Amino acid sequence: MMRLQDFKAGDSRKVFELENHSADGGIPLLKFRLFAQLDWMEHGVTTRAGGASKGIFSELNLSYTRGDDKAAVDENFHRTAISLHAGVEDFVLTDQTHTVNVRAVTRADCGKGILRDRDYQEIDGLITNEPGVVLSAFFADCVPLFFADPVHRAVGVSHSGWRGTVARMGRETVRAMQEAYGSVPGEMYCAVGPSICQSCYEVSEDVAGQFLEQFPQAGSKLCEPKGAGKYQLSLWKANELVLLEAGIRREHLAVTNICTCCNPKLLFSHRASHGKRGNFGAFIKIRA
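Residues numbered from 1 in each chain as written. Predicted model: local features only at pLDDT ≥ 70, side-chain atom pairs only at ≥ 80, totals over all residues. Heavy atoms only, no water.

Asks: Could you give an account of the sheet that holds strand E13 (residues 230–233), naming the residues involved and the relevant values?
Replies: An order of E11-E13-E12 is seen for the three strands of this open sheet, with the pairing classed as antiparallel. In this open sheet, the two strands that pair with only one neighbour each are strand E11 (202–204) and strand E12 (223–227). Across the sheet, the axes of successive neighbouring strands diverge by a mean angle of 40°, strand direction being ignored. With four bridges joining them, E12 and E13 adopt antiparallel strand pairing. Looking at E13, one finds that Pro225 is bridged to Tyr231. Sheet contacts for helix H4 (residues 205–214): E11, E12 and E13; angle to E11, the most-contacted strand, approximately 90°. (Pairing = 2+ DSSP bridges. Helix = DSSP H or I, 4+ residues; strand = E, 2+ residues; numbered from the N terminus. Axes fitted to C-alpha atoms, helices over the stretch in contact; angles between N-to-C directions. Contact = heavy atoms within 4.5 Å.)

What follows is the structure, given as structure tokens:
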């Protein structure tokens, strides 16, 4: 069984705790310690442990589109649902295409993307203020973003790759919650989830240039030049800056120190596997 101390990136236990639901038929979930005080909501990040998938998808792949056996993915969602104290029928899935589009969903959307077809496209962020709706997004190096408003009892989850990050997906999700639920950024809690770290993420000069233009004061903490037109990009720092600019208080913000690419046996990584992989999931819900 996976242990949290197996992760290589820093002292992960300062940021995360690991809940093991295997005894109940579920799977392990990484949870942000920051959110422990928010007892009205539930969240989690799956790992590769505890699933039914085989081969390059082992064990807990949550993607139906990468070639895995559907029955195995169905079982993986079932085990994930147990760990989140939910049913598979409660999940609402994103339709990720590296946009900054955010959709407000309700109980009427439950099951979309898993038990029935979605009636929306190009949605990388989901928000809700209805209890029991499990917001779901999927990853293999890109950045999961979590949002919780304890005053208006609303939550959100977003997928932020480099395109979403430079276009400020975090800000757009905060704005969507402001417009839909009256959320106030200074009252919200946010987290930047497990994703590829700066040391592992080499990008072209064109990509680095877009970030340096958008975040001119960040310097090498954001883009470190490596020569030959290559840079090491920190999506962690960029998303931290986006959320702070959006009005999130620093003491209400948790930033991962777990890298997917450094830990490919524990989390799916597109770069580490050269594209031969599944997806892990990030989930959040308001307790019913």
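Asks: Before we move on, can you summarise helix H3 (residues 169–181) with the specific residues and values?
Replies: Helix length check: H3 (13 residues) gives 18 Å between terminal C-alpha atoms against 18 Å at 1.5 Å per residue, within 8%. On its buried face, H3 sits against strand E5 (102–104), strand E6 (125–128), strand E8 (143–149), strand E9 (154–160), helix H2 (162–166) and helix H5 (235–245). Gly182 occupies a position one or two residues after H3 and carries a positive phi of about 75°. (Expected span 1.5 Å × (residues − 1).)

Asks: I'd love a proper account of the packing of aromatic side chains, names of residues and values included.
Replies: Inspection of every chain in the model, using the stated rule, returns 11 aromatic pairs. For the ring pair Phe138 and Phe283, a centre distance of 6.0 Å and an interplane angle of 80° mean the geometry is edge-to-face. Of this pair, Phe138 sits in strand E7 (residues 134–139) while Phe283 is found in strand E15 (residues 280–286), placing the two residues 145 residues apart along the sequence. Here Phe138 falls in the buried class, since its relative accessible area comes to 9%. (Phe/Tyr/Trp six-rings, centres within 6.5 Å; stacked < 30°, edge-to-face > 60°. Buried < 20%, exposed > 50% of the residue type's maximum accessible area, 1.4 Å probe, protein only.)

Asks: Talk me through the sheet that holds strand E1 (residues 16–20); I want residue IDs and the actual numbers.
Replies: The mixed open sheet is built from six strands, whose spatial order is E1-E2-E3-E15-E7-E4. One side of each edge strand has no neighbouring strand; the edge strands of this open sheet are E1 and strand E4 (91–93). For this sheet, the mean inter-axis angle between neighbouring strands, taken without regard to orientation, is 30°. For strand E2 (residues 28–32) and strand E3 (residues 41–46), the ladder comprises two bridges, and the chain directions are antiparallel. Note on E3: the bridge partner recorded for Leu29 is Thr46. Here helix H1 (residues 70–83) sits on the sheet and contacts E2, E3, E4, E7 and E15; the angle it forms with E4, its principal contact strand, is near 125°.

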